[in-house]
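Tertiary structure, described
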Amino acid sequence: MLRHGLGKPGGACLELAKGTVVELGAGTGFVGLFMAKYLAGGDVAESDRVLDQVYLTDIDAPKVMAVLDANVAANGVADVCTVAPLDWRAPEEWSHTSS
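Notes on the structure in this doc start here. (Residues numbered from 1 in each chain as written. Predicted model: local features only at pLDDT ≥ 70, side-chain atom pairs only at ≥ 80, totals over all residues. Heavy atoms only, no water.)

**Considerations on the overall build of the protein chain**
Along its length, the protein chain carries three helices and three strands. Shown N-terminal to C-terminal, the secondary structure of the protein chain runs as helices and strands in the order α-β-α-β-α-β. For the protein chain, the residues scored as buried account for 33% of the 99 residues in total. When contacts within the protein chain are restricted to residue pairs at least 6 apart in sequence, those whose partners lie at least 24 apart make up 66%. In the structure as shown, the protein chain presents an accessible area of about 6,300 Å², 57% of it carried by carbon and sulfur atoms. (Helix = DSSP H or I, 4+ residues; strand = E, 2+ residues; numbered from the N terminus. Buried < 20%, exposed > 50% of the residue type's maximum accessible area, 1.4 Å probe, protein only. Contact = heavy atoms within 4.5 Å. Areas by Shrake-Rupley, 256 points an atom, 1.4 Å probe, with all protein chains shown as cover.)

What follows is the structure, given as C-alpha cells:
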C-alpha cells in the first residue's frame, strides 16, 4: 500500500512537500533511490516532481560509498541524488549550511 502511494506523486498514502530528502544509514540506498527515481528525477515530468534532491548518507567506508555510487549511476539519478558520508560517531565533523 505504501509503495503505491510513494510511486504516485501526491498519492493517497503519502504526500510529500517538494524539497529535499536525506536518507540516514542508506546501506544500498534502496529507499532513497526509489524516491529519487520516481519522485524527483529522470522519467518524472517536471510538473509531477515532488522532490528536488535526495541525499544518501552512511558511514564513510569505501565499500559502502562505492555501492551507493554504483547504485546511483545504475539507476540514472545522479542529477538528483547525492552520496555523502555521515558518521554518527563524530558529530563534531557534521556541518550545517543555511540557504
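**Focus: a nonpolar patch on the surface**
A surface patch of nonpolar side chains, amounting to about 400 Å² of accessible area, comprises Val 22, Leu 24, Tyr 55 and Trp 88. Within the element layout of this structure, Trp 88 appears in the segment after β3 (81-85). (Patch = residues over 30% accessible without salt bridge, like charges linked within 9 Å, V, L, I, M, F, W, Y side chains within 5 Å. Salt bridge = Lys/Arg side-chain N within 4 Å of Asp/Glu carboxyl O.)

**Looking at the packing of aromatic side chains**
Each aromatic ring pair is summarised here by two numbers: the centre-to-centre distance and the angle between the ring planes. Considering all chains together, one arrives at one aromatic pair under this definition. Both rings, one in Phe 34 and one in Tyr 38, keep their centres 4.9 Å apart while their planes meet at 45 degrees; by these two values the pair is tilted. With Phe 34 and Tyr 38 both in helix α2 (residues 30-40), this residue pair falls four residues apart, about one helical turn. (Phe/Tyr/Trp six-rings, centres within 6.5 Å; stacked < 30°, edge-to-face > 60°.)

**Things to note about the environment of Tyr 55**
Structurally, Tyr 55 is set in strand β2 (residues 51-58). Assessed through its relative accessible area of 32%, Tyr 55 is described here as partly exposed. Between the C-alpha atoms of Tyr 55 and Val 21, which are 34 residues apart in sequence, the distance is 6.2 Å. The residues contacting Tyr 55, other than those within four sequence positions of it, are Thr 20, Val 21, Val 22, Glu 23 and Thr 82.

**Re the environment of Ile 59**
Looking at the element boundaries, Ile 59 is found in the loop between β2 and α3 (62-74). For the pair Ile 59 and Gly 25, spaced 34 residues apart in sequence, the C-alpha separation works out to 7.1 Å. Ignoring anything within four residues of it in the chain, the contact list for Ile 59 reads Val 64, Met 65, Leu 86, Asp 87 and Arg 89.

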